[in-house]
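# Notes for the structure review
For reference, the chains in residue letters:
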Amino acid sequence: MVAIRYETPRSVSEAVRLMAADPGARVLAGGTDLLVQFRTGVRQPSAFVDIKRIPELMSIAIDAHGLRLGAATPAAVIGEHAELRRLWPGLAESVRLIGSTQIQGRGSVGGNLCNASPAADTTCALIVNRAECVIAGPNGERTVPVEAFSIAPGRTVLQPGELLVAIRVPRPAARTSDAYLRLIPRTEMDIAVAGAAASVTLDAAGLCTTARVAIGAVAPTALRVPAAEQALVGSRLDEASLKRAADAASAAARPIDDKRGTTAYRRTVAGVLTRRAAAIAAARAREQGSHP
Amino acid sequence: MSKLHIETTINREPAEFLCEPHETVLSALRNGLGLTGTKEGCATGDCGACSILLDGRLVPACLVLAPEAQGRTITTIEGLSRGDALHPLQQKFLEHAALQCGICTPGFIVAAKALLDATPEPSEEETRYWLAGNLCRCTGYDKIVRAVLDAASEMKGSAA
Ligand SMILES: Cc1cc2nc3c(=O)[nH]c(=O)nc-3n(C[C@H](O)[C@H](O)[C@H](O)COP(=O)(O)OP(=O)(O)OC[C@H]3O[C@@H](n4cnc5c(N)ncnc54)[C@H](O)[C@@H]3O)c2cc1C
Ligand code: FES
Ligand code: FES
């Protein structure tokens, strides 16, 4: 076996240089996907480029514009951030669902996105919050919306030499909130059969002015569901409009049949979770309206 | 193949070891340093037998590369007792018979220590969720949870 290198760049530019110089190198964040794939022989990188000693990749900053989440920040650190949990409860929920306490001590949102599993738990919650990926590469920096970041299972828009530096999430408008739900056969430590996230904004009278809906684990990549969003906008998020959103999500789902669930079951569950996530997001947004 | 020389702190003592770049901390602890208290169950992050604290944070040692330990602080099961005095969690595991074959025990105790460091008075539900990544094939978990909750109340009593 050829020697595998272990690198610890101290800056984004050094990491980009290392990645660009060696096409076989892989970024190592928490390693909870990568080291499992390495152990099981799925991946044989020529180098592990450990990005956790780059301070900006390990930080959480919230200001008037919103959140800048360092790509390699461990889930446990995110889950402990009170302000993040208050502003984006659904996003925080999705992060806190990843694996176990131990996995959360390592696994990151950047790793969750770059591994590009269709069932990755953070993707839907990021999409409904209009999150963007900040990508650094040999030609400088670019941003890509999270909904366009994964292009197929295990594949992203990242080009050779590029790495995900941060995830940016705009600050929610007034009376806006989000929620994420997934279905797993057990109470924890499992992969989603289906997942759904919603974010809604209400006006002072309680009418929904904007909505975003995304579903996961029911297509090769997480899907935004514009038809479900349209069903919610203009409504009071009453049972009838929630039901229309659920039907739209079920119709948009293109699930596979496997041991976790049949196509028909996943389709139904995607709708049920969409309805429930939208109802939770609405309740949270109303709650904010009552304590401005 | 040239090995890496790593300097770190393990159980409050400076430590150094040689490792391959792709070796895990679990392997370095067990094979390089002879600290075999940390167990390997699955080697893929699923079972929690390899739980350690890395800079105070609970992590699976099977998914941490050995060179990542450079300049960090590691706590393993061997670091919990003080001399001959068992940590209250260790004592309570014995009293409650919270182990049978024992392979999961170091992982449970290290994970429980991380819980009590963060949340000195956890509820039963918090305890069960926190320990959900630790698998035990013998005990049925109930005695483990009782032992952790009992250790928490004893530690609270002695801190007061
Ligand atoms: C026991 C167990 C349970 C799990 N449960 C869940 C779960 O419930 N839900 C879920 O969604 N996932 C789960 N996972 C999968 C995994 O923990 C998550 O996907 C996690 O978020 C991965 O993050 P990481 O930092 O560990 O990524 P790593 O393993 O470090 O990286 C993953 C991939 O992305 C690349 N990469 C990482 N960061 C970057 C970057 N900044 N730029 C470019 N490329 C990058 C790596 O090269 C690698 O290919 C589980 C894994 C295990 C082992
Ligand atoms: S050996 Fe590390 S989690 Fe099982
Ligand atoms: S005591 Fe045997 S696995 Fe837990």
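In this report, the structure presented in the accompanying data block is examined. Numbering of residues starts from 1 in each chain and follows the order in which that chain's sequence is written. To label them, take the chains in the order written and letter them from A, then take the ligands in the order written and number them from 1. Side-chain atom pairs in this predicted model are given and counted only at pLDDT of 80 or more, local residue features only at pLDDT of at least 70, and totals for whole chains, interfaces and linings cover all residues. Processing note: side-chain calculations cover all non-hydrogen atoms of the structure and skip hydrogens and water entirely.

### Some thoughts on the packing of helix H10 (residues 239-252) of chain A against helix H11 (residues 263-290) of chain A
All names here are of chain A. To obtain each axis, a line is fitted to C-alpha atoms, and for helices this fit is confined to the stretch in contact; angles are then taken between N-to-C directions over 0 to 180 degrees. Helix numbering and strand numbering both begin at the N terminus, where a helix is a DSSP run of H or I of at least 4 residues and a strand a DSSP run of E of at least 2. Interaxial distance between H10 and H11 falls to 7 Å at its minimum, and their mutual angle equals 140°. H10 and H11 meet at a crossing whose hand is right-handed. Contact with H10, carried on its side by Glu 239, Leu 242, Lys 243, Ala 245, Ala 246, Ala 249, Ser 250 and Ala 251, involves Arg 267, Thr 268, Ala 270, Gly 271, Thr 274, Arg 275, Ala 278 and Ala 279 of H11 and no other residues of that element. Under the grouping applied here, Gly and all other residues not named as nonpolar or charged are polar, the nonpolar ones being Ala, Val, Leu, Ile, Met, Phe, Trp, Tyr, Cys and Pro and the charged ones Asp, Glu, Lys and Arg. Its residues assigned to classes, the contact of H10 with H11 comprises 8 nonpolar, 4 polar and 4 charged. Should the near helix be turned counterclockwise from the far one by less than a right angle, the crossing is left-handed, whereas a clockwise turn marks it as right-handed. Should any heavy atoms of two residues lie within 4.5 Å, those residues are counted as being in contact.

### Regarding empty space enclosed by the protein
Residue and element names in this part refer to chain A. Cavity and pocket criteria rest on a 1 Å grid covering protein atoms alone: a 1.4 Å probe that fits but cannot get out defines a cavity, protein on both sides within 12 Å along at least 5 of 7 lines defines an open pocket, and an atom within 4 Å of a point defines a lining residue. Grid points are joined across faces, edges and corners, and a volume is the space filled by probe spheres set on the points. Using the criterion set out here, one finds 2 cavities of 30 Å³ or more in the structure. A volume near 90 Å³ is recorded for the largest cavity. Lining the largest cavity are 13 residues, with Ala 116, Ser 117, Thr 123, Ser 150 and Ala 222 sitting closest to its centre. Tallied by class, the residues present in the lining of the largest cavity amount to 8 nonpolar, 5 polar and no charged. Either an automatic procedure or a domain database provided the assignment from which the domain bounds are taken. A domain-level breakdown of the lining of the largest cavity finds at least three residues from each of domain 1 (5-51 + 62-170) and domain 2 (176-289). Taken as a whole, the second largest cavity holds about 40 Å³ of empty space. Every residue lining the second largest cavity is listed: Thr 123, Ile 127, Val 146, Glu 147, Ser 150, Thr 221 and Ala 222. Looking at the lining of the second largest cavity residue by residue, the classes come out as 3 nonpolar, 3 polar and 1 charged.

### Focus on the environment of Pro 89 of chain A
All names here are of chain A. Its location among the elements puts Pro 89 in helix H5 (residues 89-96). Taking C-alpha positions, Pro 89 is 30 Å from Ile 256, a pair spaced 167 residues apart along the chain. What Pro 89 contacts, discounting residues up to four positions off in sequence, is Leu 84, Ser 177, Asp 178 and Arg 284.

### Quick notes on the site of ligand 1
Working definition: residue near molecule or strand if any one of its non-hydrogen atoms lies within 4 Å of it. Near ligand 1 you find 32 residues, and of these Val 27, Thr 32, Asp 33, Leu 34 and Ser 108 of chain A are the closest. Ligand 1 sits at the junction of chains A and B, each of which supplies nearby residues. With respect to ligand 1, the backbone of Val 27 of chain A contributes an N or O atom lying 2.6 Å from an oxygen atom. Interatomic distance of 2.6 Å between a side-chain N/O atom of Thr 32 of chain A and an oxygen atom of ligand 1. Within the residue set of the shell around ligand 1, elements represented by two or more residues are strand S2 (25-28), helix H7 (109-115) and strand S10 (163-170) of chain A. Polar contacts here mean pairs of N or O atoms no more than 3.5 Å apart (in protein, one a potential hydrogen donor and the other a potential acceptor; neighbouring residues in sequence count only if both atoms are side-chain atoms).

### Some points on the packing of aromatic side chains
Residue and element names in this part refer to chain A. Put simply, two rings from Phe, Tyr or Trp (the six-membered ring, in Trp's case) pair if the centres are within 6.5 Å, and we call them stacked under 30 degrees between planes, edge-to-face over 60, tilted for the rest. Considering all chains together, one arrives at 2 aromatic pairs over all chains under this definition. Measuring from centroid to centroid gives 5.3 Å for Phe 38 and Phe 48, while their planes differ by 90°, and the two rings are edge-to-face. Placement of Phe 38 in helix H2 (residues 34-39) and of Phe 48 in strand S3 (residues 47-50) is noted, with a sequence separation of 10 residues between them. Taken as a pair, Phe 38 and Phe 48 share a single burial class, namely buried. Exposure is judged per residue with a 1.4 Å probe applied to protein chains only, and the accessible area is read against the type maximum: over 50% gives exposed, under 20% gives buried, and values in between give partly exposed.

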